[in-house]
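Close look at the chain arrangement
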Amino acid sequence: DAKTTQPNSMESNEEEPVHLPCNHSTISGTDYIHWYRQLPSQGPEYVIHGLTSNVNNRMASLAIAEDRKSSTLILHRATLRDAAVYYCILRVPNTGNQFYFGTGTSLTVIP
Amino acid sequence: GAGVSQTPSNKVTEKGKYVELRCDPISGHTALYWYRQSLGQGPEFLIYFQGTGAADDSGLPNDRFFAVRPEGSVSTLKIQRTERGDSAVYLCASSPTGPQAKQYFGPGTRLTVT
C-alpha cells in the first residue's frame, strides 16, 4: 500500500488560510495525489487531485513539491464548514484505483 | 443528480446473525468500492468491482464477508455469523474508470453487533 503521513490534528482561525501538509516519500512516478475530506457523519468527499503540477479548483489549491515526496492542501479562507478530517491518498494507476486511507488530519476551525 | 445511496442507514444485529448491506451507485459508474471505517480511523478498503466482477477482494478480512454485483449496478455486502468486531460504518463508493476518476461516497451504513 502506498503510504502517506499527515499530522493528526490542526487548528485554524475562521477566514484565515490553512496549509495541510502530507508526506509521501515512497511515491512513484505514476501515482496520483488525491485529497478527500470527511465531514462528521458523512462519507468522504473529493477535494482535489494532481500528479506533478500545482492545481487549483473552487474548493482548494494543491501544491506539490518538485520531488513529489510531499504536498500541501491549501484552503484559502477557512470557514466553519471546512471543519473535517482531511485525507491525503496516493492512487496507484495499475491497481484497481482503490484508496488506501491513513488516519488523516482533523481540522478544527475556530470562530 | 442522485448520488450514491446505501441502505439501511443503521443496522443493529445480534452476534452470530447474517446481515446484508446494499449500495446503489451513481448510474453509469462502472467501478464500485466497499470500505469499512472503525471509530477514529480512516476508511479501510474491502473490495472493488469493475462491472459485475470482483476485480480485487484482497481487503475482505475473512470468508465471512462476501459481496456481489450481479448486474453491474447495485451491490450487496454480505456478512455471515457476525461478530462484535464487525461493528463499524460500511461505506460504498462508485466512480467512472481511470486513475484520475473521483470516487463518490455514500453516507454509509452503521452496523452494530450486540
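That block above? That's the structure.
Residues numbered from 1 in each chain as written. Chains lettered and ligands numbered in written order. Predicted model: local features only at pLDDT ≥ 70, side-chain atom pairs only at ≥ 80, totals over all residues. Heavy atoms only, no water.

Take the state of the cysteines next. This model, assessed by the stated rule, comprises two disulfides over all chains. Residue pairing for Cys22 of chain A: its cysteine sulfur links by disulfide to Cys88 of chain A, the two sulfurs lying 2.1 Å apart. On the S-S bond that ties Cys22 of chain A to Cys88 of chain A, the torsion sits near -80 degrees, and the link is left-handed. With Cys22 of chain A in strand 2 (residues 18-23) and Cys88 of chain A in strand 8 (residues 84-91), the pair connects residues that are 66 residues apart, well separated along the chain. As far as the burial class goes, Cys22 of chain A and Cys88 of chain A line up, both buried. At a sulfur-sulfur separation of 1.9 Å, the disulfide partner of Cys23 of chain B is Cys92 of chain B. Here the disulfide of Cys23 of chain B and Cys92 of chain B is left-handed, its torsion about the S-S bond being about -65 degrees. You can see Cys23 of chain B sitting in strand 3 (residues 19-24) and its partner Cys92 of chain B sitting in strand 9 (residues 88-95), a full 69 residues away along the chain. Here the two residues Cys23 of chain B and Cys92 of chain B agree in accessibility, since each one is buried. (Disulfide = S-S within 2.5 Å. Helix = DSSP H or I, 4+ residues; strand = E, 2+ residues; numbered from the N terminus. Buried < 20%, exposed > 50% of the residue type's maximum accessible area, 1.4 Å probe, protein only.)

Our focus in this paragraph is the pattern of salt bridges. All names here are of chain B. For the structure on display, the rule yields eight salt bridges over all chains. The salt bridge partner of Glu44 is Arg36, with a shortest N-O separation of 3.5 Å. On the basis of relative accessibility, which here comes to 37%, the residue Glu44 falls in the partly exposed class. Of the charged contacts in the structure, one is a salt bridge between Arg64 and Glu83, with a shortest N-O distance of 3.5 Å. Highlighted residues: Arg64 in the loop between strand 6 (53-56) and strand 7 (65-68) and Glu83 in the loop between strand 8 (75-79) and strand 9, separated in sequence by 19 residues. (Salt bridge = Lys/Arg side-chain N within 4 Å of Asp/Glu carboxyl O.)

Keep in mind these values describe shape, not function.
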